[in-house]
Amino acid sequence: TGPRVAIVGVTGAVGMEFLQILKQRDFPYSSMKMLASARSAGKKVDFDGETYTVEELTENSFGDCDLALFSAGGSATKKFAPAASDAGCTVVDNSSAFRMTDGVPLVVPEINVEAMKDIKLGKGGIIANPNCSTIIALTAVTPIHKAVGVKRMVVSTYQAASGAGQAAMEELELQTREALDGKPITTNIFPRQYAFNLFSHNSDVDVDLGYNEEEMKLVKETAKIWNTKDVKVTGTCVRVPVMRAHAESINLELNAPLTVDEARKLLENAAGVSVIDNRKENDFPTPLVASYNDDVYVGRIRRDISRDDDCGIDLFVCGDQIRKGAALNAVQIAEALL
Ligand code: 2RA
């Protein structure tokens, strides 16, 4: 028994990670369907001891499905997720297409699973997976927010290539080799050199505000997930030459005092969080420690010394962008539907 499952965008980095995680977590499915664009139709995909042929995604792909995990980009979601929902298939979507739509729950299970209480598996509905940098930040910060309330959050992100897809990861490797060999740099994915460089996140910039879309996602999605307009959020999102785990520096202004020891204890007891915070050993989270792992890693927990009170905390956070930042969070949402 178990739901009839479809994976949409199965050949992408997140799509393939969906399969790995479903298998690792022994997700109970009764059938599996692999869907992708016409370009990938016909390819073979192995899952759980079976070899599947990728089928072309159409509006009619979902009549025999109870659950669809989407990671095929916003336009595919806009075009096919409503049809899937109308066919009674419950959609968990990794794109930004419906994240800010009223009535579409935006969920990190450890934070706000109650937001999806009206969605019933196999009865349609769309649930949105938040943006990776939002998931990683809020998985770490929410235990503190729930304890004393966050008044203001300032986030600086150091985002991995994987956030821009498989091709970006391949280009980072290629450019690194080219740079080391003194050869001309290939720039197909990003308009500038990425290897040995950093740049403002490659999403569109709001020319009035000067913030890029990634930064505005952090601001807007935090308000929706925490269901409040009272938290002030600002961020600077930067792409860095790291493969698959995001790092984030986070400064918090709190509504009430919280000591570093109290903050550390909250984080050590928080779901989906691992603390690496050893000042004597100068040990802290890094993207390579977080890569391929499920937890969000938190360290450099310290009192904000720019303040005269205990209402400021600084954190350094790392999380695997493909797993907790995308595929794992979506599978955890699916598990919460069972
Ligand atoms: C990025 N947040 O890292 C995006 C991926 N969805 O570019």
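For the protein, the name recorded in an unreviewed UniProt entry is aspartate-semialdehyde dehydrogenase, with Pycnococcus provasolii as its organism. What UniProt records for the protein under Subunit (unreviewed entry) is the sentence "Homodimer." In UniProt, the protein has this text filed under Catalytic activity (unreviewed entry): "L-aspartate 4-semialdehyde + phosphate + NADP(+) = 4-phospho-L-aspartate + NADPH + H(+)".

A. Just the sheet that holds strand S2 (residues 31-36), in detail. Read across the sheet, six strands follow the order S5-S2-S1-S6-S7-S8 without closing on themselves; strand pairing throughout is parallel. Pairing within the sheet leaves two strands with one partner each, and these edge strands are strand S5 (55-56) and strand S8 (126-128). As defined by bridge partners, strand S1 (residues 4-8) adjoins strand S6 (residues 67-70) across four bridges and the pair is classed as parallel. Counterpart to Val5 in the pairing with S6 is Leu67. Seen against the sheet, helix H9 (residues 323-337) touches S6, strand S7 (90-93) and S8 and runs at an angle of roughly 165° to S6.

B. Quick look at the packing of helix H1 (residues 13-24) against H9. For the pair H1 and H9, interaxial distance at closest approach is 9 Å and the crossing angle is 50°. In terms of their interaxial angle, H1 and H9 are classed as oblique. Helix-helix and strand crossings are classified by hand; for H1 and H9 the assignment is right-handed. Here Val14, Glu17, Phe18, Gln20, Ile21, Leu22 and Gln24 of H1 lie close against H9, whose contacting residues are Arg323, Ala326, Ala327, Leu328, Ala330 and Val331. Here the residues of the contact of H1 with H9 sort into nine nonpolar, two polar and two charged.

Conventions we followed
- Residues numbered from 1 in each chain as written.
- Predicted model: local features only at pLDDT ≥ 70, side-chain atom pairs only at ≥ 80, totals over all residues.
- Heavy atoms only, no water.
- UniProt positions renumbered as here; feature names shortened; annotations may be inferred.
- Pairing = 2+ DSSP bridges.
- Helix = DSSP H or I, 4+ residues; strand = E, 2+ residues; numbered from the N terminus.
- Contact = heavy atoms within 4.5 Å.
- Axes fitted to C-alpha atoms, helices over the stretch in contact; angles between N-to-C directions.
- Parallel < 35°, antiparallel > 145°, perpendicular 65-115°, else oblique.
- Left-handed = near helix turned anticlockwise from the far one by under 90°.
- Nonpolar A, V, L, I, M, F, W, Y, C, P; charged D, E, K, R; others polar.

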